[in-house]
Amino acid sequence: MFSLVIPVYNNENNIPLLLEAVDYLADEIDEKFEVVFVVDGSPDNSYIVLREQLPRAAFSSQLIALSRNFGAFAAIRAGMEKARGDRLAVMAADLQEQPKLVLDMQRTLVADEFDVVYGERTGRKDGRLSELLSRFFWRIYRRIVSADIPQGGVDIFGCTSQVRDQILKLSERNSSLIGLLFWVGFRRKAIPYQRQKREIGTSAWTFLKKWKYMQDSIFSFSDIPITLLIGVGVTGSILSTLAGLFVLTGALLGLITVPGYAAIMLAILFFGTLQILSIGVLGIYLWRVFENTKGRPLHIVMSALDFSIENLEGMEMGPIDE
């Protein structure tokens, strides 16, 4: 079986086109097929529309509703947990990635030559400013977090159930799902594509969310902040030594009229700044350790419906243990 996971947030108006795209995939995929829709606390009527439309669909599906907005990666994880296929793919609901990519991924995984397949953007039909910012973001990401991630990032991917199970074992919060996908390794293949312009609605992937994603990725997969801190400490030590020699020379030559003033101010400014920087970096790491020790679930499923072909009327599933 092949499973397609689709997180849904503020996509009410896009659902008719989305269901048409899924119908196309259901006709083309040559194995048993299901779609797992995960409504991530969407404030619009996405859940209601899907609940009304899915019982009449020609493909099997599950409809998962999270109790609030936990974020796209948490929603994808929820869908991956419920996916029943031996192979699966993740696709955004805004259709900026062509559904044909899912078909290519499914065929690649069926051939059993690769365990992970992902879309590699060769271009995008967004605004010039958006394209420049995206390039800058992913250039920094590749340099600091993982050089294996393609230059345009990853918005759509597929994998085997073996890879899925390994990712789900890594239950760390405030992390990057894409970072974990590349961290676990396995045989990977990129499929080039050009990202389409979003026709309906606006993206919820705001600058603040990108900034948080960058922080999560850096502090989860990189020790560069600590390395930078060591570099700052070494550089500060050298500068303070030179400044100390300068102050000592000035004192011996009688150029400093207030005894000890310059040396004290230099020491206070340098060590005060270094302590603040050290506390800030260490505080971030300690906070993340604290978050992981809480043991809170990464998401909470409020309801789950199963619209299998064998049961088109839909059936409420029982309580779900997280």
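Okay, so let's go over this structure.

1. A look at the pattern of salt bridges
Line of reasoning, step 1. For the structure on display, the rule yields six salt bridges.
Line of reasoning, step 2. With a closest N to O distance of 2.9 Å, aspartate 115 and arginine 187 form a salt bridge. Of the two residues, aspartate 115 is situated in the loop between helix 4 (100-110) and strand 5 (116-124) and arginine 187 in the loop between helix 7 (177-183) and strand 7 (188-195); the sequence distance between them amounts to 72 residues.
Line of reasoning, step 3. Connected through salt bridges with shared partners, the residues Asp112, Asp115 and Arg187 form a single ionic network.

2. Describing the packing of aromatic side chains
Line of reasoning, step 1. Under the definition given, this model contains two aromatic pairs.
Line of reasoning, step 2. Judged by centre distance (6.3 Å) and plane angle (15°), the rings of phenylalanine 2 and phenylalanine 33 are stacked. Of this pair, phenylalanine 2 sits in strand 1 (residues 2-8) while phenylalanine 33 sits in strand 2 (residues 33-39), and the two are 31 residues apart along the sequence.
Line of reasoning, step 3. Taking the ring centre of phenylalanine 70 as reference, the NZ or CZ of arginine 68 above it sits at 4.0 Å.

3. Thoughts on the environment of leucine 66
Line of reasoning, step 1. By secondary structure assignment, the location of leucine 66 is in strand 3 (residues 60-66).
Line of reasoning, step 2. Expressed as a C-alpha distance, the spacing of leucine 66 and valine 38, which sit 28 residues apart in the sequence, is 7.3 Å.

4. Brief notes about the nonpolar core
Line of reasoning, step 1. Core analysis: the biggest nonpolar cluster contains 38 residues, and Leu4, Ile6, Phe33, Phe37, Leu50, Phe59 and Leu63 have the highest contact counts within it.
Line of reasoning, step 2. Where this core is concerned, the elements lending two or more residues are strand 1, helix 1 (15-28), strand 2, helix 2 (46-53), strand 3, helix 4, strand 7 and strand 8 (301-307).
Line of reasoning, step 3. Top contributing element to this core by residue count: helix 1, with six residues.

5. A word on helix 3 (residues 72-82)
Line of reasoning, step 1. A large share of helix 3 lies buried, amounting to eight of its eleven residues.
Line of reasoning, step 2. Every buried residue of helix 3 is accounted for by Ala74, Ala75, Ile76, Arg77, Ala78, Gly79, Met80 and Lys82.
Line of reasoning, step 3. Contacts made by the buried residues of helix 3 are with strand 1, strand 2, strand 3, strand 4 (87-90), helix 6 (161-169) and helix 7.

6. Details of a negative patch on the surface
Line of reasoning, step 1. On the surface, Glu20, Asp23, Asp27 and Glu28 cluster together into a negatively charged patch.
Line of reasoning, step 2. For glutamate 28, the location among the structural elements is in helix 1.

7. Some points on the pairing of strand 3
The side chains of a regular strand alternate, first on one face of the sheet and then on the other.
Line of reasoning, step 1. Judged by how many residues are buried, strand 3 sits mostly within the fold: seven of seven residues are covered.
Line of reasoning, step 2. Where burial is concerned, the two faces of strand 3 agree: the one with Ser60, Gln62, Ile64 and Leu66 and the one with Ser61, Leu63 and Ala65 are both buried.
Line of reasoning, step 3. Where strand 2 lies against strand 3, six bridges are found, and the strand directions are parallel. What sits directly across from valine 36, in strand 3, is glutamine 62.
Line of reasoning, step 4. At this point the chain moves from strand 2, through helix 2, to the parallel strand 3, and the crossover so formed is right-handed.

8. Some points on the pairing of strand 2
Line of reasoning, step 1. Counting buried residues along strand 2, seven of its seven residues qualify, which places the element largely inside the surrounding structure.
Line of reasoning, step 2. Residues of strand 2 alternate between two faces, with Phe33, Val35, Phe37 and Val39 on one and Glu34, Val36 and Val38 on the opposite face, all of them buried.
Line of reasoning, step 3. Inspection of the sheet shows strand 1 paired to strand 2 by seven bridges, in the parallel sense. Of the residues in strand 2, the one forming a bridge with phenylalanine 2 is phenylalanine 33.
Line of reasoning, step 4. One crossover worth recording links strand 1 to the parallel strand 2 by way of helix 1, and it is right-handed.

9. Observations regarding the environment of arginine 121
Line of reasoning, step 1. Along the chain, the position of arginine 121 falls in strand 5.
Line of reasoning, step 2. On the basis of relative accessible area, arginine 121 is assigned to the buried category, the value being 12%.

10. Re helix 1
Line of reasoning, step 1. Counted at 1.5 Å a residue, the expected span for helix 1 with its 14 residues is 20 Å, and the 20 Å between its end C-alpha atoms agrees.
Line of reasoning, step 2. Among the residues making up helix 1, those that are buried are Ile15, Leu18, Leu19, Ala21, Val22 and Leu25. Buried residues of helix 1, viewed axially, fall in a sector of 160°; they line one side. Those residues of helix 1 that are exposed and angled more than 90 degrees off the buried face are Glu20 and Asp27.
Line of reasoning, step 3. Buried residues along helix 1 sit in contact with strand 1, strand 2, helix 2 and helix 4.

Cut-offs applied
- Residues numbered from 1 in each chain as written.
- Predicted model: local features only at pLDDT ≥ 70, side-chain atom pairs only at ≥ 80, totals over all residues.
- Heavy atoms only, no water.
- Salt bridge = Lys/Arg side-chain N within 4 Å of Asp/Glu carboxyl O.
- Helix = DSSP H or I, 4+ residues; strand = E, 2+ residues; numbered from the N terminus.
- Phe/Tyr/Trp six-rings, centres within 6.5 Å; stacked < 30°, edge-to-face > 60°.
- Lys NZ or Arg CZ within 6 Å of the ring centre and 35° of its normal.
- Core = buried A, V, L, I, M, F, W, Y, C linked by side-chain atoms within 4.5 Å.
- Buried < 20%, exposed > 50% of the residue type's maximum accessible area, 1.4 Å probe, protein only.
- Contact = heavy atoms within 4.5 Å.
- Patch = residues over 30% accessible without salt bridge, like charges linked within 9 Å, V, L, I, M, F, W, Y side chains within 5 Å.
- Areas by Shrake-Rupley, 256 points an atom, 1.4 Å probe, with all protein chains shown as cover.
- Lys, Arg positive; Asp, Glu negative; His and termini not counted.
- Charge placed at Lys NZ, Arg CZ, Asp CG, Glu CD.
- Pairing = 2+ DSSP bridges.
- Right-handed = clockwise from strand over helix to strand, strands pointing away.
- Expected span 1.5 Å × (residues − 1).
- Arc of directions from axis to C-beta.

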